Structure formats: structure tokens, C-alpha cells
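# Residue-level structural notes
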Amino acid sequence: MTTTPILLGGRYEVGKLIGRGGMADVHLGHDTRLGRQVAIKILRSDLARDANFLTRFRREAQSAAGLNHPSIVAIFDSGEDENTDDQGMRRILPYIVMEHVDGHTLRDRLAEVGRLEPEQAIMITEDVLDALAYSHRMGIVHRDIKPANVMITESGQIKVMDFGIARAIADTAATMTQTHSVVGTAQYLSPEQATGQSIDARSDIYSAGCMLFELLTGRPPFTGDSPVAIAYQHVGETPQPPSAWQGAIGSDLDAVTLHALTKDRDARYQDAAAFREDLERVRLGRPISAAALGAGAAAGAAAGVATTQLLSTDDNATQLLPADDNATQLLPADDNAPTVVQPPVGDPTDLGDPTPQDTSDLPDVGRELGEGERNGRGGRAAIITIIIIAVLGLLGWGAVNWYTSQTPETIKVTVPDLRGMTEQQADGALASRNLQGESSRGASDAPEGQVFEQSPANGESVDENSVVAYTISTGPEALSIPNVTGKTSDEAIAELRKAGFTNFKVVSEDDPAQDKGKVINTNPAAGESVSKDALVELHVATGNVVVPDDLVGQDWAEVPVRFSALKLKPKKVDVETADKPAGTVLDVAKAGSAVPVGTEIEVKVAQAGPPTPSVTTATVTVTQEPTTPPPPGETKGG
């Protein structure tokens, strides 16, 4: 057995299993690129084989990834990968990388404590409704709100998860018979979900009402032996107030809960914010909205009308008598005919009891019944129960068939022009016309962040709550710069045009790296990815180089090295001088000027002069004899 962990998308290591649901397994994961802990939800293999689902999954996961709210589990990434199972078969693994929440689900909490205190249930539901209000503004309907999709962190923070995933699965599901989670979990289905109608934000409100009911009472508003049976009740039965199961719940909280559970979506809360506001009023002891009070009163009246009496007249006839004398009776016609609903016939005294007003034959209150009485009454009670269940089943089946066979009124709306809008503006424009948005991203010449494509097109007439897909520009398509070094400018431009580029600029450069007229390099550099309309500079060699102007005062040995790199030829001219050390560069011809490659440049270099003659200086001493003047009168020389 290999211990190498599965690596999804080249970066996400799949760790131990930390959760399992009807549509996916959740693993602890590690993002090797960012070095953080994540949760990885790997969807069921049967969903992965559905091409329609994969398409919806990509879109919905991308939409949900744009949700940024403290009460929503963040989605970091999504994709599909391949893996080899134990039988050596290749299988596709659709996955979602999510924020790892250190905590437990609300379902786990209910399993542990049974039910929550009203104030705690209200506060949790308020946080869930905050998340729903935000997601609805962003154009995303959850479709599967339930305790299992709500996380409670170790610090008590509420996090709603699986946004977008439930929608992707619901929109590609053919029937409700696959799994309960395909179109929503049965205990929390809205009537419109159960009957296959279009879904909108108010469907999430109904599901949140079901969840609140369970938080308060420890049980959902409707239960049954199968998902279909529960769905029938969502469509046709009025829920009891939560206080019927938990007496400590006040009438205002009853009214708010029942208003959220109203069958007609137009009559229930129209947005999550209104639902949350009423819950906050209950928590703070303030008056709730008139709409919620009306729903509570209507539910109470319905419960009163539904109060019935079961009376047994004899072993062959059973009556179901409401408190009202004008109500109907359920009477079996004979042993072979089905039970039918018909009005009461004749006088009550004709039902076989000789003296119906005489109670002397009835057992005393509190008296223990004899064995014969217990057996007789037990048998009649069993028959009555069986008949009631059968009749209610037939009525429910007929009601649901009638309800589902009705064609809902179709409201047509005109698709707005979304081109040029931002994603937020597009979602707002669609929501104003009761349409849903489905965004994706793609390259185009339109400015980045603006819608440039939509389907259906602007001006088309579609059903209300239809989905309008639109694409947001990520900017022009990125192209890779080809390597055109060494080519002529004409050859380079032709190759760039072939690659898709249209904007060029030739820059002359005195560089000996290439021959005259050849491309030295490009800016952006070869291999870089840029938009097709980006400016590409071609640096082309002029065939010239600049003579260095910093060699004067340097040693001659530096000159050949520098000139060789520039493809210049130095011509050394020795100059005798006593002012500079031998070998010092005294002058460089044309320094700082551009000259053709290969030019000979004269460089004057100091050389020691010829030897200077040695001069000896002698000192000569001259002695002069004293002169005797002649005697007076005597002249010299005669």
C-alpha cells in the first residue's frame, strides 16, 4: 500500500477524512503553495460522470468563490483531477478547496443536546439569515439550507457552507429519486422545490424557517416514512406552531416561524433581512411585524378548524365528525366499496344508537375497563385509525397530483443589456427584473472587469427567474513574445505579426552584439506573455559603437580589452613625456563619439624620454697681485 498522498491540482495534498455527506466527502488538506491548512470537498463519482453537472459545477463554484462574508465558509479554489481507484480504473475527481473551519456542524450540536434554548436558536438563525441576505444580493440562492450545512466554530461563530454546490447539483438533477440532497433535503424543502417550480431567494427563507423550527423543538416541522411523504406535507399541510412541541416558546416566536413557513412564497417573508429583523424584535422583546402576526393568527385559525372528533357508532360504520355541525363525514359504503367523502345524511338518531343522548351505558370516568371492553374498543380504534390513514393518504396523493399538474403562471421579462457593466452592476440589473446571473470570465478587448458577452441577448423575452449567463473581461488575450534576435527588423516584424501582435516600435542602438540592421533584443523580452495590442520595441543594431571616453589616465593594458569588446582596433602612439608614468593613456581619439564597428582608434600612451647629459661645475679661484702706484711725476710707459 502506497503512503503517497493524493495531490489535487498540483498543489493540494488530500489528508484524512473529516466529514461525509450525501454528495461529497470532506478531507483535511494542505495547500503546498501557500502553506496553509484547508478543507477539500471531493464530490461523488456518479456526479463526476455527468457532463452537465461538471459544467454547472465549474460556474457555480466560481460564483460562490466571489462571496466574501464572515458567516460564509470561503471557497479558495475548485477544479477536477484524475485518480486511479483500487481496480485500476481512472476516475474524475471534482473538488472544492474551502476554508478549514475548526468546529462542528449544527446537526452535530442538535444530536448532542436535542434542541436549543429559544434565544440561542434565534441568534444562530440571525447569523444564517445575514449570510443569506448577502448571497441573495450577489445573485446566489443556496437551495439546501439545513443544520448539516451550518458550522459552529470553537469561538461560537456561525459559518454557512456549500453555497453554489447545492445549486449546481439541483440544476442538473433529473428527479428527486436519486438522493435526498439532489434537489434539497426533504425535511427542509420549500413547497416550490417539492413541486418542481422555479427557485428564488424566498425558497431559502422557507428552508431557514424549517431549520429554526427544528432548533426550537428538536424535530423538523414535517416528518414521514419517505422523502416523498414529507414533500407532500410541505405542499399541502399546515405546520403546527413550535410551542405545540415546546411550551416555553412564546406566541411571537411562533408567529415569526410560521410566517417563514407560509406555503405561498408571495405571502411569506420576501427577503432574509425582514425575517432576521423580526427575530431580533422577538429576542429584544419588541413588537413583531404585522405580516408575521397575521400569519400566526391564520395558523391558529387553521388549527382550530382542523380539530376533529372521532365517534364510533357501531362495528360497521365509522364517522369523522368535525366540531362544526356543517362539516363532512367519512362513511364506508360497504365492505367492498372505497371510502368516500359525503355530507351527513339523516338524523343522528338513525345511526344505530337507540338513545344517543343517554350516557348511562358509557363507562364511568376513570373506571378501569373490562377485558371485553378493552378488546372491543381497541379493535374499533384500530379500524378507525386505518381508515383515517387511508383517507388522508388518498387525499394527500390527490392534492399533490393536482398541485403538481397545475401550470404556474409564466411571467415574461426583458433581458437588460449588461455589456460594459461591472459584475456587481450586472447582478443588480438582473435582480431588479427577477432574473438570476451566472458569471464567468474570459479574455477580450473590452476593459478588464467589464461584461462583454451575455446569453440570452439584450432585449430577449424570457421567463421570470431565468438564468442569464454573462462573461467578464480579463483583458486582451495574452500572447508570448517570439525570439527574433539576429533577424532584420522587417523579418522580426513579420514574425511578430504572425504571432498576433500589431503594435511595434524600432529603436536604433549602438551595440556591437549584432551586425548592422539586425535585432539585438525586444522589450518585452522573448518568452514573456503580454496582450496582443501591447507595444513591442525592437532594438536594432546601427553598426556603430561609441568610443570609450573614460580611458585617459588608465593603464594601456586596459585599452585592448575594452576595444575588443566593442570590436574597435586600438593604434598605440607612444609620446615621450616626463609628466606621466610610462604606460599611462594620455589621449583617445574620437572619445565619446559613435564610429563604425572595426574602426582603428589612435591612443596616445606616455613613454619615458632620452637620458639627460650630466653637467659638472668647477670652482676657479683667481688671485690678483697688488698694484704699486708710480712715484709722483713719473709716467708709465714713457
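Structure shown above.
First things first, this report covers the structure right here in the doc.

### Let's talk about the overall build of the chain
Across its full length, the chain carries 15 helices and 28 strands. The contacts in the chain between residues at least 6 apart in sequence include a share of 63% that link residues at least 24 apart. Carbon and sulfur atoms make up 50% of the accessible area of the chain, which amounts to about 35,100 Å² in all.

### Concerning the pattern of salt bridges
This model, assessed by the stated rule, comprises 23 salt bridges. The salt bridge involving Asp 130 is made with Arg 276; its shortest N-O contact spans 3.2 Å. Of this pair, Asp 130 sits in helix α4 (residues 118-137) while Arg 276 sits in helix α10 (residues 272-284), and the two are 146 residues apart along the sequence. The partner of Asp 278 in a salt bridge is Arg 281, and the shortest N-O contact between them spans 3.2 Å. Taken as a pair, Asp 278 and Arg 281 lie in helix α10 at a separation of three residues, close to a single helical turn.

### As for the sheet that holds strand β7 (residues 103-105)
The antiparallel open sheet is built from three strands, whose spatial order is β7-β8-β9. Of all the strands in the sheet, the pair left with one neighbour each is β7 and β9 (158-160). Pairs of neighbouring strands in the sheet enclose a mean axial angle of 30 degrees, with direction left out of account. The sheet contact formed by strand β8 (residues 150-153) and β9 spans three bridges and is antiparallel. Bridge pairing links Val 150 to Val 160 in β9.

### As for the environment of Gly 114
With respect to the secondary-structure elements, Gly 114 resides in the loop between α3 (106-113) and α4. On the basis of relative accessibility, which here comes to 33%, the residue Gly 114 falls in the partly exposed class. Each C-alpha atom of the pair Gly 114 and Arg 219 lies 8.5 Å from the other, and the pair is 105 residues apart in sequence. Contact partners of Gly 114, with chain neighbours within four places excluded, come to Arg 109 and Gly 218.

### Quick word on unusual backbone geometry
Outside of glycine, negative phi angles account for most residues, and trans bonds account for most peptide bonds. Following Ser 455, the chain continues to Pro 456 via a peptide bond in cis, the omega torsion being 0 degrees. Relative to the elements of secondary structure, Pro 456 occurs in the loop between β16 (451-455) and β17 (461-463). Cis geometry is found at the peptide bond from Asn 523 to Pro 524, where omega equals 5 degrees. Assignment of secondary structure puts Pro 524 in the loop between β21 (519-523) and β22 (529-531). Positive phi values are uncommon outside glycine, yet Asn 434 reaches one of about 60 degrees. Along the chain, Asn 434 turns up in the loop between α13 (423-431) and β15 (436-442).

### Here we look at the packing of aromatic side chains
A full pass over the atoms with the stated rule returns two aromatic pairs. Between Tyr 269 and Phe 275 the ring centres are 5.0 Å apart and the planes differ by 10 degrees, which places this aromatic pair in the stacked class. Taken as a pair, Tyr 269 and Phe 275 share a single burial class, namely buried. Arg 36 extends its terminal NZ or CZ atom over the ring of Phe 76, reaching a point 3.8 Å from the ring centre. Directly above the aromatic system of Trp 245 lies the positively charged group of Arg 219, at a separation of 3.9 Å from the ring centroid.

### A short note on the environment of Leu 535
With respect to the helices and strands, the residue Leu 535 is situated in strand β23 (residues 535-541). The exposure class of Leu 535 is partly exposed, given its relative accessible area of 39%. Sequence separation between Leu 535 and Lys 505 is 30 residues, and the spatial gap between their C-alpha atoms is 7.2 Å. The contacts of Leu 535, once residues within four sequence positions are left out, are Asn 503, Phe 504, Lys 505, Asn 523 and Pro 524.

Rules used in this analysis
Residues numbered from 1 in each chain as written. Predicted model: local features only at pLDDT ≥ 70, side-chain atom pairs only at ≥ 80, totals over all residues. Heavy atoms only, no water. Helix = DSSP H or I, 4+ residues; strand = E, 2+ residues; numbered from the N terminus. Contact = heavy atoms within 4.5 Å. Areas by Shrake-Rupley, 256 points an atom, 1.4 Å probe, with all protein chains shown as cover. Salt bridge = Lys/Arg side-chain N within 4 Å of Asp/Glu carboxyl O. Pairing = 2+ DSSP bridges. Axes fitted to C-alpha atoms, helices over the stretch in contact; angles between N-to-C directions. Buried < 20%, exposed > 50% of the residue type's maximum accessible area, 1.4 Å probe, protein only. Phe/Tyr/Trp six-rings, centres within 6.5 Å; stacked < 30°, edge-to-face > 60°. Lys NZ or Arg CZ within 6 Å of the ring centre and 35° of its normal.

Take it as geometry only, folks, not as evidence of what the structure does.
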